[in-house]
Amino acid sequence: MSTTVTFVTPSAPAPPGQPDISYAPDYGKWQARAARRLKEGNLPTTLPEGFPGKLTGELVWEGQSVADTYDWTYVLNAEQLDEIDRAVEHFKGLGLPLGYLTPETFPLPNLHGELRRLSQELHNGHGFFVIRGLRVDEHTREENVIIYAGISAHIAPQRGRQDHKYNGQKADVVLSHIKDLTWSQNNGEIGSPAYTTDKQVFHTDSGDIVSLFALETSAAGGASKLASTWRVYNEIAATRPDLIHTLSQPWDMEVFEKADKQYIERPLLFHFPATESTPERVALQYGRRYFVGFGALPRSPNIPPITEAQAEALDTIHFLGEKYCVNTDFQKGDIQYINNLAIFHARDGFTDTPEKRRHLLRLWLRDPENAWPTPEVLNYRWAQLYEGVTPEGQVFPLEPFIRSAGNKGR
């Protein structure tokens, strides 16, 4: 019998007028909604102006076959691991706060060129890779954070702000923890699946690059799944062009942190025409819980409900993500990097034991040298992430906490 968890957290109550949809995708409801809407007719049969009929290139891949042509795992050898250990000692000897971790203060003279090549792979290749082999158990928590941020600085030197406060004080929190905290005294405040054993459905994070470092894996389950936005786009464009219209039009997206207005209007799908130096691209930025709620953070009744078309679009991108995804076989000591504009991701539910508790660290990163253009309507969000983050102001919590955006008690 499988011990893998799927969904444990009860469904968040739906606001008045909301379609029959929850955080946990329901294949039968998706199929029924699609059939009903197709029968009703009057759906666009051509793509929005300017959007491509089909995208091509290395970013178009399928989980079943991508391993045939692409080895996404970069395994560190003994000499490279020794170089990393020397960099840790070098940085510690400087006596600087962790916010000063840079390629200069965490020197990797031999590995640097490979890490810059991997940044190119993120932005202009397949959009993801895994660095494997870090010796987690040989280092303290702080040393593992130094290693993680230090290596990442060579791939994408800008660290994004993941929270604006820590321990009740204003702070630029650049490191977060992904761990089941439902056993804690604050479990009634959890409004994000990141802090549960639940399955995390397909979504994107914020920023250009999302990175995860596995300090420990679960006893069972917890597979990390990645899907090519471009492959999913091609499928929808060929079969349901009306949903490309839906995804590229404004949605009312909830803001879970304190704000003057508790939602913003923006599309989920963005098109970038080709330029002299860049190919034609599309980018996806969305999270299902911002439209249907999760746990202690249900969708607010003060926000307009989503439409039937939007409900179908959310399920379509999720189930096509399931169809075309790859399991990266995330292991202890792995660091996974993904292009957050071109790849969307999910996590299987999992089971922990007292001896083996899944624990990931996360960074939101940007490499100004290779970065894609930011969609204009997301400039405000990128500013929240990357502007004004100073070395002395960065906070790297060494223990798990619930971010404001996933915290009912925010």
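For the structure, see preceding data.
Residues numbered from 1 in each chain as written. Predicted model: local features only at pLDDT ≥ 70, side-chain atom pairs only at ≥ 80, totals over all residues. Heavy atoms only, no water.

**Brief notes about helix α6 (residues 229–239)**
The periodicity of an α-helix, 3.6 residues per turn, causes residues three or four places apart in sequence to face the same way.
Move 1: A large share of α6 lies buried, amounting to 9 of its 11 residues.
Move 2: Those residues of α6 that fall on the buried side of the exposure criterion are Thr 229, Trp 230, Arg 231, Val 232, Tyr 233, Asn 234, Glu 235, Ile 236 and Ala 237.
Move 3: Its buried side turned inward, α6 meets β10 (224–228), α7 (241–248), β13 (269–272), β14 (281–284), α9 (308–324) and β17 (343–347). (Buried < 20%, exposed > 50% of the residue type's maximum accessible area, 1.4 Å probe, protein only. Helix = DSSP H or I, 4+ residues; strand = E, 2+ residues; numbered from the N terminus. Contact = heavy atoms within 4.5 Å.)

**What to know about the sheet that holds strand β5 (residues 169–173)**
Move 1: Here we have 3 strands laid out as an open sheet, ordered β4-β5-β20, and mixed in their pairing. For this open sheet the edge positions go to β4 (163–166) and β20 (394–395), each flanked by a neighbour on one side alone.
Move 2: Here 3 bridges tie β4 to β5, and the two strands are oriented antiparallel to one another. Paired with Lys 165 across the strands is Lys 170, a residue of β5. (Pairing = 2+ DSSP bridges.)

**Quick notes on helix α10 (residues 379–386)**
Move 1: Those residues of α10 lying buried are Arg 381, Trp 382, Leu 385 and Tyr 386. Seen from one end, α10 has its buried residues packed into an arc of 115°, which puts them on one side.
Move 2: On the buried face of α10, the contacting elements are β3 (158–159) and β19 (359–366).
Move 3: Backbone geometry just after α10 places Gly 388 at a positive phi near 75°. (Arc of directions from axis to C-beta.)

**Some remarks on empty space enclosed by the protein**
Move 1: The final tally for this structure, using the stated rule, is 2 cavities of 30 Å³ or more.
Move 2: Taken together, Thr 229, Val 232, Tyr 233, Ile 236, Ile 244, Leu 247, Leu 269, Leu 284, Ile 317 and Phe 344 make up the full set of residues lining the largest cavity.
Move 3: Mapped by element, the contributors of at least two residues to the lining of the largest cavity are α6 and α7.
Move 4: The biggest single contributor to the lining of the largest cavity is α6, with 4 residues.
Move 5: In the lining of the largest cavity, the residues fall into 9 nonpolar, 1 polar and no charged.
Move 6: The space that makes up the second largest cavity amounts to roughly 40 Å³.
Move 7: Considering the residues around the second largest cavity, the lining is formed by Val 210, Leu 212, Leu 226, Gln 336, Ile 338 and His 345.
Move 8: Listing elements by their share of the lining of the second largest cavity, those giving two or more residues are β8 (209–216) and β16 (335–339).
Move 9: By residue class, the composition of the lining of the second largest cavity is 4 nonpolar, 2 polar and no charged. (1 Å grid on protein atoms, 1.4 Å probe; cavity = no way out; pocket = protein on both sides within 12 Å on 5 of 7 lines; lining within 4 Å. Points joined across faces, edges and corners; volume = space filled by probe spheres on them. Nonpolar A, V, L, I, M, F, W, Y, C, P; charged D, E, K, R; others polar.)

**Structural notes on the pattern of salt bridges**
Move 1: This structure, assessed with the given rule, holds 26 salt bridges.
Move 2: Among the salt bridges present, the one from Glu 308 reaches Arg 36, with a minimum N-O distance of 3.3 Å. Remark: Arg 36 occurs in helix α1 (residues 27–40) and Glu 308 occurs in helix α9; sequence separation between them is 272 residues.
Move 3: On the basis of relative accessible area, Arg 36 is assigned to the partly exposed category, the value being 39%.
Move 4: Between Arg 161 and Asp 172 there is a salt bridge, and its shortest N-O distance comes to 2.7 Å. Of the two residues, Arg 161 sits in the loop between β3 and β4 while Asp 172 sits in strand β5, which places them 11 residues apart along the sequence.
Move 5: The network of salt bridges with shared partners includes Arg 37, Arg 240, Asp 242 and Glu 312. (Salt bridge = Lys/Arg side-chain N within 4 Å of Asp/Glu carboxyl O.)

**Here we look at the pairing of β8**
Move 1: Summarising burial for β8: 8 of the 8 residues are buried, a large majority.
Move 2: Strand direction decides the pairing type here: β8 and β16, joined by 5 bridges, are antiparallel. If you follow Phe 213 over to β16, its bridge partner there is Ile 335.
Move 3: As judged from the 7 bridges shared by β8 and β19, these two strands associate in the antiparallel manner. Counted as the bridge partner of Phe 213 is Leu 361 from β19.

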